[in-house]
Amino acid sequence: MSTSRARSFIAGVLVANSAPHLATAAAGRQHLTPLGGRQSGPGINAIWGALNLAAGVSLLAKGRRGAGAQRGAASARWTDDLPSFETGYLVFAAWMAISERLMKTNHSTSGGQNRAQRRR
């Protein structure tokens, strides 16, 4: 795998990871992050999501600058790297969906159903 394709794959993973954290921040909920653990609130999730998005975009921009060619060549190069970006995004999304389904990492053990049962 070429360096630019590896960079595009990693950028796809980072951009995919930013989406749930930014959505969680916008919804005002908690979501696991390396910065604050399981109880990471909206502010921490906004920071973590923004860091991931910035890192992904930075990798893509670095790849474009590294090409050092005219605008037409940069567009053609992105066409070659786009499948790598998409693969990184999809691999991460599939891994998160499967791991969340199996390990319930971001599920609360005292969810809404338990609270409703306690009220009865």
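The rules behind the values
Residues numbered from 1 in each chain as written. Predicted model: local features only at pLDDT ≥ 70, side-chain atom pairs only at ≥ 80, totals over all residues. Heavy atoms only, no water. Helix = DSSP H or I, 4+ residues; strand = E, 2+ residues; numbered from the N terminus. Buried < 20%, exposed > 50% of the residue type's maximum accessible area, 1.4 Å probe, protein only. Contact = heavy atoms within 4.5 Å. Areas by Shrake-Rupley, 256 points an atom, 1.4 Å probe, with all protein chains shown as cover. pLDDT = per-residue confidence, 0-100. Phe/Tyr/Trp six-rings, centres within 6.5 Å; stacked < 30°, edge-to-face > 60°.

Participant: Looking at this structure, how should I read the overall build of the protein chain?
Facilitator: When its secondary structure is counted, the protein chain shows four helices and zero strands. Going residue by residue from the N terminus, the α and β elements of the protein chain occur as α-α-α-α. The 120 residues of the protein chain split such that 24% are buried. Considering only contacts within the protein chain whose residues lie at least 6 apart along the sequence, 56% involve residues at least 24 apart. Only carbon and sulfur atoms are counted for the fraction: they give 60% of the accessible area of the protein chain, which is about 7,900 Å².

Participant: Please explain the confidence of the model for the protein chain as it appears in this structure.
Facilitator: Here the protein chain shows a mean pLDDT of 82. Residues at 70 or above account for 75%. Highest mean pLDDT in the protein chain belongs to helix H1 (residues 3–27) (95); lowest belongs to helix H4 (residues 112–119) (41). Every residue in residues 111–120 is under pLDDT 50, and counting partners more than four places away or in other chains gives three contacts.

Participant: Explain the packing of aromatic side chains here, please?
Facilitator: The relative placement of two aromatic rings is captured by the distance of their centres and the angle of their planes. Counting across every chain of the model gives one aromatic pair. Pairing Phe92 with Trp95 gives two aromatic rings, centres 5.8 Å apart and planes at 55 degrees, and the pair type is tilted. Of this pair, Phe92 and Trp95 both sit in helix H3 (residues 71–103), three residues apart, which is roughly one turn of that helix. Phe92 gets classed as buried once you look at its relative accessible area, which sits at 12%. Judged by relative accessible area, Trp95 falls into the exposed class, the value being 51%.

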